Each structure stands twice: as C-alpha cells, then as structure tokens.
Amino acid sequence: NSKVIQTPRYLVKGQGQKAKMRCIPEKGHPVVFWYQQNKNNEFKFLINFQNQEVLQQIDMTEKRFSAECPSNSPCSLEIQSSEAGDSALYLCASSLLLGGGNTGQLYFGEGSKLTVL
Amino acid sequence: GDSVTQTEGLVTLTEGLPVMLNCTYQTIYSNPFLFWYVQHLNESPRLLLKSFTDNKRTEHQGFHATLHKSSSSFHLQKSSAQLSDSALYYCALPSGSFNKLTFGAGTRLAVCP
C-alpha cells in the first residue's frame, strides 16, 4: 500500500479552469517529484523539491503550473489554465536520497487523474 | 543527454514461457544506478529491482537483471511468466544535476493462459 497520499484521485475540469492536486510524501522523505503520465503511459518529469525548495522544473511547469511544498502542509501542483493536452495521470513520488548520480528509490502515490473537457 | 530506450511497446507471452524485456541507456554518469519499475493496472508504479554493480545479477520476486556497462544494457528477465506478471514495466536511470529519474517509454507485458 502506497504511503504517498495523493488527492483527489480524479478531477474533471473545463478548458481554462484551474486544476489543483495535492500530495503528502512519505514521512521523513525530503525529496518530492511530480510526473505526468500520459495516455500512452509515458512519464514526463515536471518538477522536484528538496524540502521546500524547487530543485528543477521543465519549462512547461514554470510557465503554466504553480507548485509548492510548504513545511507542515501537503505539496501541491496546480495548473493555472487547463488545456485538453493536460489530461493525464499526475504522479507524486518521494525519496530519501539525492545526489551524485545515485538516487534512492522513488515511492509513488496512486496519482490524480485529470480530465480536461 | 541521458536517455533510456525500451524497444518493445508490447510483449505478449503464454504463461510459463520466459520473459525478456530490453533496456539500453545513455548517461553522463560512469556509475549509474539502473532501475526497473512495475505498474499493475490502476496501481502506482513500484520498484521491482535496481542495480549499481557492473556484471552482477540482481534478483527480486522471480525477476532478474544484470547491468552491463560495456553495452549500456539492463535487460529484465524471468524464467517463467505468470498471469500476475501482466503489467507495465519501466526501465529508469537518474539524470541531471538533481537526479530526477528518466524513464523509458515502458513495455506492456501481457501474459496469456
């Protein structure tokens, strides 16, 4: 059973609407990742955090998404203006280790499935 | 840049036959970790096995893989497929300065009775 908790499991939005997803990482994991899994089941890295700081994000995330991992609150990923192409499963994952080409295991949540009508 | 190639999009097997899913990679790191993740239908991806050591066989839950740095490969194998092995399988490696995992496109394994 996944210890990374994602909410909501499903969300349906109209084009142009905001879409917000939340993630509680596994306890004690300082590193959080967001991935988008499209209808072809391909993974796209979106952003990662170490504690509250953004480590790396792709251009799309920087331009169209708002993401944060505040202390003592769930992490969140919000699409500011949803587009049809954003329909996908958004997976949050957390990890213990980071650095030097060696990474610890990623623990994934069950995902938030976004449908943009 | 770093990349992972999984050549088969779909592998269909009869129960009891051997499984081999291909994975090759490119990376700037001389000593990378390589991972196999498995995702069953409507479930989250979970780690199946990982390796760091060249030419050493790694096993877990009946699956095994050997990292070969000379050929940049990390193929996943199992001697006898089971119906419950039907799932998506992803090969992955850390990439970039902050070690996000770069995943291959995935291979769907369908095991039939």
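Up top is the structure these notes are about.
Calculation notes
- Residues numbered from 1 in each chain as written.
- Chains lettered and ligands numbered in written order.
- Predicted model: local features only at pLDDT ≥ 70, side-chain atom pairs only at ≥ 80, totals over all residues.
- Heavy atoms only, no water.
- Helix = DSSP H or I, 4+ residues; strand = E, 2+ residues; numbered from the N terminus.
- Rg over C-alpha atoms; globule rule 2.2 N^0.38 Å.
- Buried < 20%, exposed > 50% of the residue type's maximum accessible area, 1.4 Å probe, protein only.
- Contact = heavy atoms within 4.5 Å.
- Areas by Shrake-Rupley, 256 points an atom, 1.4 Å probe, with all protein chains shown as cover.
- Lys, Arg positive; Asp, Glu negative; His and termini not counted.
- Charge placed at Lys NZ, Arg CZ, Asp CG, Glu CD.
- Salt bridge = Lys/Arg side-chain N within 4 Å of Asp/Glu carboxyl O.
- Polar contact = N/O pair within 3.5 Å; in protein donor to acceptor, adjacent residues only side chain to side chain.
- Disulfide = S-S within 2.5 Å.
- Pairing = 2+ DSSP bridges.
- Axes fitted to C-alpha atoms, helices over the stretch in contact; angles between N-to-C directions.

A. The overall build of chain A, seen in detail. Scanning chain A for helices and strands turns up one helix and 11 strands. Counted from the first residue to the last, chain A has its helices and strands arranged as β-β-β-β-β-β-α-β-β-β-β-β. Radius of gyration (C-alpha) of chain A: 13 Å, near the 13 Å computed for a compact globule of 117 residues. Considering only C-alpha atoms, chain A reaches an extent of 40 × 30 × 30 Å along its principal axes. Here chain A holds 117 residues, and the buried ones make up 44% of them. Partitioning the contacts of chain A with sequence separation of at least 6, the portion at a separation of at least 24 is 54%. Here chain A displays about 5,900 Å² of accessible surface, and carbon together with sulfur accounts for 45% of that area. Put simply, chain A has 12 plus and 10 minus side-chain charges, and the middle of one group is 6 Å from the middle of the other.

B. Structural detail: the overall build of chain B. From N to C terminus, chain B includes zero helices and 12 strands. Going from the N terminus to the C terminus, chain B shows its helices and strands as β-β-β-β-β-β-β-β-β-β-β-β. Over its C-alpha trace chain B gives a radius of gyration of 14 Å, about what one expects of a compact globule, namely 13 Å for 113 residues. Its C-alpha atoms put chain B at 45 × 30 × 20 Å along the principal axes. For chain B, buried positions account for 49% of its 113 residues. Counted over contacts in chain B with a minimum sequence separation of 6, partners at least 24 positions apart contribute 55%. Counting every atom, chain B has about 5,200 Å² of accessible surface; 51% of that belongs to carbon and sulfur. Here chain B contributes 8 positively and 7 negatively charged side chains, and the mean placements of these two sets differ by 6 Å.

C. Fine view of the side chain of D2(B). Residues and elements named next belong to chain B. On the secondary structure map, D2 appears in the segment before β1 (3–5). Buried charge without a partner: D2 forms no salt bridge, and the closest opposite charge is K100, 6.5 Å away. A distance of 3.3 Å separates polar atoms of two side chains, one belonging to D2 and the other to T27. Looking at D2, its side chain comes within polar contact range of the main-chain nitrogen of I28, at 3.0 Å. Discounting chain neighbours no more than four positions away, the residues touching D2 are Q26, T27, I28, P94, S95, G96 and T102.

D. Structural detail: the state of the cysteines. A complete count under the given rule lists three disulfides over all chains for this structure. The disulfide partner of C69(A) is C75(A), and the gap between their sulfur atoms is 2.0 Å. On the S-S bond that ties C69(A) to C75(A), the torsion sits near 110°, and the link is right-handed. An identical accessibility class is assigned to C69(A) and C75(A); each is buried. The side chain of C23(B) participates in a disulfide bridge whose partner is C91(B); the two sulfur atoms lie 1.9 Å from each other. With the S-S bond torsion at -65°, the cross-link from C23(B) to C91(B) turns out left-handed. Of this pair, C23(B) sits in the loop between β3 (19–21) and β4 (24–26) while C91(B) sits in strand β10 (residues 87–95), and the two are 68 residues apart along the sequence. Counting its disulfide-bonded cysteines in sequence order, chain A shows a connectivity of 1-4, 2-3.

E. Representation of the pairing of strand β5 (residues 34–39) of chain B within the structure. Residues and elements named next belong to chain B. Within β5, six of the six residues are buried, which leaves the element mostly enclosed by the surrounding structure. With burial as the criterion, each face of β5 is covered, one bearing L34, W36 and V38 and the other bearing F35, Y37 and Q39. Hairpin connection from β5 to strand β6 (residues 46–51): six residues lie between these consecutive antiparallel strands, with N42 at a positive phi of about 60°.

F. Highlighting the sheet that holds strand β8 (residues 75–79) of chain A. Residues and elements named next belong to chain A. Reading across the sheet, the four strands line up as β1-β3-β8-β7 and stay open at both edges, with antiparallel pairing between neighbours. Unpaired on one side and paired on the other, β1 (5–7) and β7 (65–68) mark the two borders of the sheet. Each neighbouring strand pair of the sheet contributes to a mean axis angle of 15°, computed without reference to strand direction. Looking at chain direction, β7 and β8 are connected through four bridges and run antiparallel. By the bridge assignment, E68 is partnered in β8 with S76.

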